[in-house]
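Close look at the chain arrangement
Read off the chains here:
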Amino acid sequence: AHLAALVLARGGSKGIPLKNIKLLAGVPLIGWVLRAAIDAGVFHSVWVSTDHDEIEKVAKQFGAQVHRRSPEVSQDSSTSLEAITEFLNHHHEVDIVGNIQATSPCLHPSDLVKVAELIQKEGFDSVFSVVRRHQFRWSEVKKGENKMTEPQNLNPAKRYRRQDWPGELYENGSFYFAKRHLIEKGYLQGGKMAYYEMRAEHSVDIDIDIDWPIAEQRVLSFGYFGKEPLKEVKLLVCSIDGCLTNGRIYVTEDQKEMISYDYRDIVGIDLLKKRGIQVRLISERDCSKTLSAMQLGCIAKVSATNKLQVLENWQKDMGLSWKEVAYLGNEDSDVECLKKAGMSGVPADACAVAQKAAGYICKSNGGCGAVREFAEHIFLLLEKVNSARKQ
């Protein structure tokens, strides 16, 4: 049976414009669930249903196929079931749909693998995600009603302690798997049903539970970052032109070059050094005099015709694995380095191919705080590594 992952990502949003591709901890929101779906390895195809060009572009960058949905199922009033039904009408090869919410960035591949087994091997027609909550419910008393509230799931005289009460299961909206025949009857849940209980820390819904800054902290703590385990970064290599600087070169009347940089980036480099992380710089042009004037105290390679070769030499000389190397670049010439490094980033104004290759896209432009921002991202991930060690 052909099992397809389907992420619904409409361009319109009443709250945040193009929310589905807004950067969350340096990754487009939809990228978190697409990474999990692809790495799960249980789907015959992974799709994004969208009506927007930019969302299509991001979806393809993360390895998904794109179904361009019609205007009829792209309205504010359109339901998920309508969009899924339209998708099935165009893709007759699909037998089972795993509808994954784009707004669930802490989803892990291991959850999807277990759900696929429930529906493919144990014969369930539909499986949906739930989370366990320990919340006492009371009946609502509307304004003007002359009555008292009543307990719904507790005895106030004998209140449970949290550890003594199993709690209740609530849908968390992370995913809904269903077989074609069920969807064609107008249901996402039905037939032989099962729920899949997700861990509370993985049950994050951007739409309902949480605001953006808190969500970023949750994702950095509990999100899925790829198949390889994270390691402590020991080397950051930064492209000078377009990352440490804004890429502009000013020429005086006596033919001297001048560049500008942001002091925040210099602070970022100093903070990295204090954490024991080496910072090295690289440039395709000869900017020795500029580096000397900046007095950064970093090893640098200028006139580098092959940045990847320089990076590989540094990595081998320091005896590091690629997971211990971070790279900040912004141009075509940085792409192979971005792909190799365990942690990679680009400024917000980096070229398209560099953005596609990077794991983190800064909010700041080159020469305007991108180095400091990427440093902060490294520090947050180091906290995640240290937390995993303690566990």
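Residues numbered from 1 in each chain as written. Predicted model: local features only at pLDDT ≥ 70, side-chain atom pairs only at ≥ 80, totals over all residues. Heavy atoms only, no water.

1. Points about the state of the cysteines
Taken as a whole and judged by the stated rule, the model has zero disulfides. As a non-bridged cysteine, Cys243 has Cys238 as the owner of its nearest cysteine sulfur, 5.0 Å distant. (Disulfide = S-S within 2.5 Å.)

2. What to know about the pattern of salt bridges
Inspection of every chain in the model, using the stated rule, returns 19 salt bridges. Put simply, Asp125 and Lys179 hold a salt bridge, and the shortest N to O gap is 3.9 Å. Of the two residues, Asp125 is situated in the loop between helix H4 (109-120) and strand E7 (126-133) and Lys179 in strand E8 (residues 168-179); the sequence distance between them amounts to 54 residues. Across this residue pair, the class does not change: Asp125 and Lys179 are buried. Here Lys147 ties to Glu145 by a salt bridge, and the two come within 3.7 Å at their closest N and O atoms. Accessibility expressed as a relative area gives 51% for Lys147, which makes it exposed. Salt bridges sharing common partners tie together Asp53, Glu56, Lys60 and Arg68. (Salt bridge = Lys/Arg side-chain N within 4 Å of Asp/Glu carboxyl O. Helix = DSSP H or I, 4+ residues; strand = E, 2+ residues; numbered from the N terminus. Buried < 20%, exposed > 50% of the residue type's maximum accessible area, 1.4 Å probe, protein only.)

3. So, the domain arrangement of the chain
Taken domain by domain, the chain comprises domain 1 (3-134 + 165-222) and domain 2 (235-389). Here the C-alpha centroids of domain 1 and domain 2 sit 35 Å apart. Of the residues lining the interface, ten residues belong to domain 1; the matching set on domain 2 comes to ten residues. Both faces combined, the contact of domain 1 with domain 2 buries some 860 Å², and carbon together with sulfur accounts for 59% of it. Taken as a group, Leu23, Gln61 and Leu220 account for 54% of the area that domain 1 buries against domain 2, more than any other trio of residues on that side. Counting the contacts that link domain 1 with domain 2 gives one salt bridge. Between Glu216 and Lys363 there is a salt bridge; the shortest N-O distance is 3.6 Å. Counting across the domain 1 and domain 2 interface gives zero residue pairs in polar contact (both at pLDDT 80 or more). (Domains from an automatic or database assignment. Contact = heavy atoms within 4.5 Å. Buried area = accessible area lost by both parts, 1.4 Å probe. Polar contact = N/O pair within 3.5 Å; in protein donor to acceptor, adjacent residues only side chain to side chain.)

4. Things to note about the sheet that holds strand E17 (residues 360-361)
Across the sheet, six strands lie side by side as E14-E13-E10-E15-E16-E17; this open sheet has parallel pairing. If you trace the sheet from one side to the other, it starts and ends with strand E14 (299-301) and E17, each paired once. (Pairing = 2+ DSSP bridges.)

5. What to know about unusual backbone geometry
The phi torsion at Ser303 lies on the positive side, around 55°, for a residue other than glycine. Judged by its relative accessible area of 38%, Ser303 is partly exposed.

6. Here we look at the layout of surface pockets
In this structure, the largest pocket occupies an estimated 870 Å³ of space. Around the largest pocket, the lining is made up of 34 residues, and of these Arg35, Phe225, Gly226, Ala358 and Gly359 lie nearest the centre. Among the secondary structure elements, those contributing two or more residues to the lining of the largest pocket are strand E3 (27-28), helix H1 (29-40), helix H11 (335-340), strand E16 (343-346), helix H12 (352-357), E17 and helix H13 (370-390). The leading source of residues in the lining of the largest pocket is H1, at five residues. The residue inventory of the lining of the largest pocket, partitioned by class, reads 18 nonpolar, eight polar and eight charged. Split by domain, the lining of the largest pocket shows at least three residues from each of two domains, domain 1 (3-134 + 165-222) and domain 2 (235-389). (1 Å grid on protein atoms, 1.4 Å probe; cavity = no way out; pocket = protein on both sides within 12 Å on 5 of 7 lines; lining within 4 Å. Points joined across faces, edges and corners; volume = space filled by probe spheres on them. Nonpolar A, V, L, I, M, F, W, Y, C, P; charged D, E, K, R; others polar.)

7. Here we look at the packing of aromatic side chains
If you walk through the whole model with that rule in mind, you get eight aromatic pairs. Between the aromatic rings of Trp47 and Phe87, the centroid separation amounts to 5.5 Å while the plane-to-plane angle is 65°, which identifies the pairing as edge-to-face. Of this pair, Trp47 sits in strand E4 (residues 45-50) while Phe87 sits in helix H3 (residues 80-90); the two residues are 40 residues apart in sequence, bridging distant segments of the chain. Using a relative accessible area of 7% as the deciding quantity, one classes Trp47 as buried. Both rings, one in Tyr160 and one in Trp165, keep their centres 6.2 Å apart while their planes meet at 5°; by these two values the pair is stacked. An aromatic cluster of three or more residues is present, and its members are Phe43, Phe175, Phe177 and Tyr196. Of note, Arg133 hangs over the ring of Tyr170, and the distance from its end group to the ring centre comes to 5.5 Å. (Phe/Tyr/Trp six-rings, centres within 6.5 Å; stacked < 30°, edge-to-face > 60°. Lys NZ or Arg CZ within 6 Å of the ring centre and 35° of its normal.)

8. Regarding the sheet that holds strand E5 (residues 65-68)
Across the sheet, seven strands lie side by side as E5-E4-E1-E6-E8-E7-E9; this open sheet has mixed pairing. Of all the strands in the sheet, the pair left with one neighbour each is E5 and strand E9 (193-198). The mean inter-strand angle of the sheet, taken between neighbouring strand axes irrespective of direction, is 30°. Sheet topology note: the E7/E9 ladder contains six bridges and is parallel. (Axes fitted to C-alpha atoms, helices over the stretch in contact; angles between N-to-C directions.)

9. Focus on the nonpolar core
With 44 residues, the main nonpolar core has Leu244, Leu281, Phe374 and Ile378 as its most contacted residues. A per-element tally of this core places H13 first, with eight residues. Here this core spans two domains, since at least three of its residues come from each of domain 1 (3-134 + 165-222) and domain 2 (235-389). In contact with Leu281, other than residues within four places in its own chain, are Cys238, Ile240, Leu244, Leu291, Leu296, Cys298, Ile299, Ala300, Lys301 and Trp314. Within the second largest apolar cluster, 37 residues are counted, among which are Leu3, Ile55, Val66 and Met198. (Core = buried A, V, L, I, M, F, W, Y, C linked by side-chain atoms within 4.5 Å.)

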